Structure formats: C-alpha cells, structure tokens
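Descriptive analysis of the structure
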Amino acid sequence: LGSVAKPKQMRAMAIAIGVALSAVALGASSAAASSAQRVSTPVPACPSAAVVTATLHQAISKSTSTTSHATGFSRICVYMTKHGGIPSPITIRLGSPISASQFNLSVNAAKHGVAMVAVHGLGNEAWAVKRGNGLFVLKGTLMVVISAGGTSDAQLEALARKIV
C-alpha cells in the first residue's frame, strides 16, 4: 500500500472497519445479556496529537474524539493530516467489550481485500495490513483499529503499543 493506497485496498479497509464497529455493537449486546460472565477491558483515552505526530511522523492540524456508551464503550479518535496536499484522517477506533471470535470476524473481512500479516507480541492478537495503512489489535476485550495512510507497519505497531 505504501503512502497511496489503491481503491480496492481502501474499500477493503473500510469494510473491515465497518465490521469492526459492528463487532463492538454485537459484543456490547452480548455483554449486556451476560455482564456477570464478562469483564470489559477499560477503553483508554485518545493518544495526544503530539504522540501521534511523533510516532507516525505526520503533522497533525486538528484532532477530535467521540465517545459512545450506547452499545458498550467505544471511542473514535480522528487526527487530520495531509498527503500530497490532500486532507487525510488518521483514525483510531477503540471498543470494548469484544470477544476473540468477533475480533477474528473483523480481521477475516479485511483479509478478503488486502494482504494481512500477524503482529506477534502485541496484545492477545494483532494483524497489520501489509505495507502499512491499517492495524487491528485485541487486548483482553479491548479492540484497537488504526487506519493511517502514508504509514509503515512499524509505525502503526509503535503507536498501538502506546495505546495498549
């Protein structure tokens, strides 16, 4: 993917993120029904713009976050940057509770359009979009999905380690 992702790869990443968000909703619904059996991993705050800038080596012009408690707990952190003069978001999605099977559903959706590689030693399980731009991490019941154009797998992994 490199710094400019192809349309097919971007669609696959968008689909995977959509499935990931659906998994947050499904996980929360399941957790509500069996809250005594499942302990949710706390969702961390969004990393500061300074941390994102230093880790991904991209200038951030604006950052925003939204939080939802409607179906579990989810937080979306958006940092605006530019690639070739075109505004481009860096998005970090944090959600809990998510089960391992729901996490795998998200990863498998992404694998249908892009090459994925396992990232060992990060959370319980982690997968990166080969050649940058996306990373999925599960730690406990916390799922982290990072989407950032113009990044390397190593940069995304470094940012994820600061989150989890």
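Preceding this paragraph is the structure being described.
Cut-offs and rules
Residues numbered from 1 in each chain as written. Predicted model: local features only at pLDDT ≥ 70, side-chain atom pairs only at ≥ 80, totals over all residues. Heavy atoms only, no water. Helix = DSSP H or I, 4+ residues; strand = E, 2+ residues; numbered from the N terminus. Buried < 20%, exposed > 50% of the residue type's maximum accessible area, 1.4 Å probe, protein only. Contact = heavy atoms within 4.5 Å. Areas by Shrake-Rupley, 256 points an atom, 1.4 Å probe, with all protein chains shown as cover. Pairing = 2+ DSSP bridges. Axes fitted to C-alpha atoms, helices over the stretch in contact; angles between N-to-C directions. Core = buried A, V, L, I, M, F, W, Y, C linked by side-chain atoms within 4.5 Å. Salt bridge = Lys/Arg side-chain N within 4 Å of Asp/Glu carboxyl O.

**Some details on the overall build of the chain**
When helices and strands are counted, the chain shows four helices and seven strands. Mapped in sequence order, the helices and strands of the chain form the string α-α-β-β-β-α-β-β-β-β-α. With 164 residues in all, the chain has 43% of them scored as buried. Across the chain, every contact between residues at least 6 apart in sequence was considered, and the portion connecting residues at least 24 apart equals 56%. As displayed, the chain has an accessible area near 7,800 Å², and 59% of this comes from carbon and sulfur atoms.

**Considerations on the sheet that holds strand S3 (residues 86-96)**
An order of S1-S2-S3-S7-S6-S5-S4 is seen for the seven strands of this open sheet, with the pairing classed as antiparallel. With partners counted over all chains shown, the strands left at the sheet margins are strand S1 (62-68) and strand S4 (116-118), one partner each. Across the sheet, the mean angle separating the axes of adjacent strands is 15° when strand polarity is ignored. When S4 meets strand S5 (residues 125-129), the two strands line up antiparallel, connected through three bridges. When the bridges of S5 are listed, Met116 appears paired with Val129. With respect to the sheet, helix H4 (residues 153-163) is in contact with S3, S4, S5, strand S6 (134-139) and strand S7 (142-148), its orientation differing from that of S7 by roughly 145°.

**Notes on the nonpolar core**
Counting 24 residues, the largest nonpolar core has Ile92, Leu94, Leu135, Val144 and Ile146 as the members making the most contacts within it. In this view, Leu94 contacts Val43, Pro44, Ala45, Phe73, Ser74, Arg75, Cys77, Leu142, Met143, Val144 and Ile163; residues no more than four positions away in its chain are not counted. Of all hydrophobic cores here, the second largest spans twelve residues; its members include Phe103, Val114, Phe136 and Leu138.

**Here's the deal with the pattern of salt bridges**
Tallied over the entire structure, the rule returns one salt bridge. Across the pair Glu157 and Arg161 runs a salt bridge whose closest N-O atoms are separated by 2.7 Å. Note that Glu157 and Arg161 are positioned in helix H4 at a spacing of four residues, about one turn of the helix. Judged by relative accessible area, Arg161 falls into the partly exposed class, the value being 41%.

That's the geometry; what it means functionally is another story.
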